[in-house]
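Analysis of the macromolecular model
In case you want the letters, here they are:
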Amino acid sequence: MHSMATAWIEDIAKLTRPDRIVYWHGTTEEYDSLLEEMVHAGKAIRLNPKKRPNSYLFRSDPSDVARVENRTFISTKNQRDAGPTNNWVETSELMATMSKLYEGCMQGRTMYMIPFSMGPIGSRFSKVGIELTDSPYVVVHMHIMTRTGDHVLPYVDEHFIKAIHSVGAPLKPGQKDVPWPCAPIEEKYISHFPEENTIWSYGSGYGGNALLGKKCFALRIASALARKEGWLAEHMLILKLTDPDGEVRYVTGAFPSACGKTNLAMIRPSLPGWKAEILGDDIAWLRMGDDGWMHAINPEAGFFGVAPGTSYRSNPNAMATVSKDTLFTNVALTDDGDVWWEDMTPTAPDHLIDWQGRDWTPLSKEKAAHPNSRFTSPIKNNPAVAPNFEDPDGVPISAILFGGRRPNTIPLIHESFNFQHGVFLGSIMGSEITKAVISKDYGKVRRDPFAMLPFIGYHIADYVSHWLEIGEKYKHEHLPRIFYINWFRKKDGKYLWPGFSENSRILKWILKRCEGEKGARKSAIGYMPRKQDLDLKGLSISETQFDEMFALNPEEWRQEIASIEEHYQIYGDLLPKKLREELDQLEARFAAIHLTK
Ligand code: GTP
Ligand code: SPV
Ligand code: MN
């Protein structure tokens, strides 16, 4: 092990005072025996192996069920560098506060040392880290979500990411542990020190708060590194599409949390002759390749997917993926030792144990599974995994999709006029807040630029400028075309578009546009397909329904532009001029329509 790593581990052990230190070698035997230990300790339930082989259920504390954005910090020396969208505390101050909390915080527990690689081990695109954690739940999840163990150690150099995690619940001698230890909300800290390549997480055991390779490293720290090094770390799925002629294309898509990345990444196209394969469902690292195409790798090795809504009808590839070797959190338990969640089957079982361990029947008022309950499975288990998903050079990207959950205003699909306009579309993205985050404002639309609002590890103005600079720098290369989708437009409370496998019809149009086919009309917001431009064969979409999905309602857009104006205020003087011009032009195009009417 690198001497810097050894010294750091010793320091942290001295501070946190665990009873034991366990070095994770990354073997199946360790994984199996740690799960065995957790089952014995009452921290995990082994599911019926006949129904769900090699799979386990975990129940979190009811207070610890999602990311905590108001307890997430980007800590830099100068506040300017964290920017207006991040909670900022000065580095030495936050380190002092947290060092107090870390003092003795692992007493009575085991500290695990997990070396891990984000990206295929040894790829020049990949980055390595070491997570120190006192949560065995985190260890088994990191084992699936990242590449862990001894084979990472040769790549640990002085640039490795130092990631510390504690559930923040030391045990006194003889004190009995609870199934899901964690700290109260006001003591939780999900802290990032991009200038120090360091992540300090305290008090939560759930998802992105605790599996530090994911949002903390692969997005917040990586986005700051990417800016320095000239690439992009994005909240994006990566999808491989083969058309009936055998032509292969790759697309990425950035939609906010719980807005459809996993589902699109696992799509089974309804269009005959089309094949879809998955490379990633949550995070993409993008760099210009030597061939002049933007290349993407998925830094992760597993899925941490939203369970509710997943069914053989909506997402058969996900159902196949989770049929074995899967860790479930906060879903319901069936009487025969299997799992269930809302909309998994058309009707619910007569009896379940809900996510909080209570009896549940279809008459119960509360949901059986938590809305942010999740499955964790290896990517390799997906029947539609692309054979080249671990290509160390990544795959060339033809199109980037932005999108969100908008019950009104935003049409099913539109295309940007050019890359700069596409960056503008990314910057104005809005979406309803979902249960992937603990919030008082569920369902309210908030601006979530590039689906990265909670994940940009630096100043948002520098982030959008970085995107614009990439557009400028590579304008003579094959930059991806940029599109904006909204599967979630509603009429009378019902979705207008069937979504899921039918989204292949939109993907077909997108790829045709990438090939340079016309098949579109120019609107005030971008290019949109006319009815004859979309392959809607076999779908019954009436003329009216089509018009409703694509309508640009002047009053809604007046409000939308006002809301974008308001959002742009947060940039102060630092809003790039190009984005200001794009907004002015959007406004002018709507004004022109008004005049001609
Ligand atoms: P994170 O893992 O939180 O980043 O979420 P995600 O973006 O991967 O979202 P996911 O694919 O898990 O979808 C979240 C929810 O949206 C699920 O309940 C899905 O059933 C639903 N959903 C996904 N795609 C569609 C679609 O095309 N139409 C409709 N109506 N719902 C969808
Ligand atoms: C998200 O919230 O975007 C997720 C889940 O993918 S978590 O890993 O908890 O961030
Ligand atoms: Mn996500």
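Residues numbered from 1 in each chain as written. Chains lettered and ligands numbered in written order. Predicted model: local features only at pLDDT ≥ 70, side-chain atom pairs only at ≥ 80, totals over all residues. Heavy atoms only, no water.

A short note on the site of ligand 2
- Taken together, R67, G207, G208, K214, K215, H235, S257, D282, F304, R374, A436 and F455 make up the full set of residues adjacent to ligand 2.
- K215 is positioned such that a nitrogen or oxygen atom in its side chain is 2.5 Å from an oxygen atom of ligand 2.
- Take S257: an N or O atom from its side chain is 2.5 Å from an oxygen atom of ligand 2.
- Compared with its free state, where it exposes 280 Å², ligand 2 has 98% of that area covered by protein.
- Counting residues per element, the ones that place at least two in the shell around ligand 2 are α5 (207-210) and α6 (213-229). (Near = heavy atom within 4 Å. Polar contact = N/O pair within 3.5 Å; in protein donor to acceptor, adjacent residues only side chain to side chain. Areas by Shrake-Rupley, 256 points an atom, 1.4 Å probe, with all protein chains shown as cover. Helix = DSSP H or I, 4+ residues; strand = E, 2+ residues; numbered from the N terminus.)

Digging into the packing of aromatic side chains
- Inspection of the entire model under this criterion finds 26 aromatic pairs.
- With centroids separated by 5.8 Å and ring planes inclined at 70°, the aromatic side chains of Y102 and Y202 adopt a geometry described as edge-to-face. Here Y102 is found in helix α3 (residues 91-102), whereas its partner Y202 is found in strand β10 (residues 198-202), with 100 residues between them in sequence. We note that Y102, like Y202, is buried.
- On the basis of an interplanar angle of 85° and a centroid distance of 5.6 Å, the ring pair of Y568 and Y571 is categorised as edge-to-face.
- Among the residues examined, Y568 registers a relative accessible area of 2% and is labelled buried. (Phe/Tyr/Trp six-rings, centres within 6.5 Å; stacked < 30°, edge-to-face > 60°. Buried < 20%, exposed > 50% of the residue type's maximum accessible area, 1.4 Å probe, protein only.)

Notes on the domain arrangement of the chain
- We note that the domain assignment places domain 1 (3-45 + 68-211), domain 2 (234-300 + 389-596) and domain 3 (302-381) within the chain.
- Each of domain 2 and domain 3 has a C-alpha centre, and these two points are 29 Å apart.
- At the interface, 16 residues of domain 2 touch 14 residues of domain 3.
- Together domain 2 and domain 3 conceal approximately 1,300 Å² of surface at their shared face, both sides included; 60% is due to carbon and sulfur atoms.
- By the criterion of area lost to domain 3, the three top residues of domain 2 are M266, R268 and K435, representing 41% of everything that side buries.
- There are zero salt bridges connecting domain 2 and domain 3.
- Between the two partners, domain 2 and domain 3, sit three residue pairs in polar contact (both at pLDDT 80 or more). (Domains from an automatic or database assignment. Contact = heavy atoms within 4.5 Å. Buried area = accessible area lost by both parts, 1.4 Å probe. Salt bridge = Lys/Arg side-chain N within 4 Å of Asp/Glu carboxyl O.)

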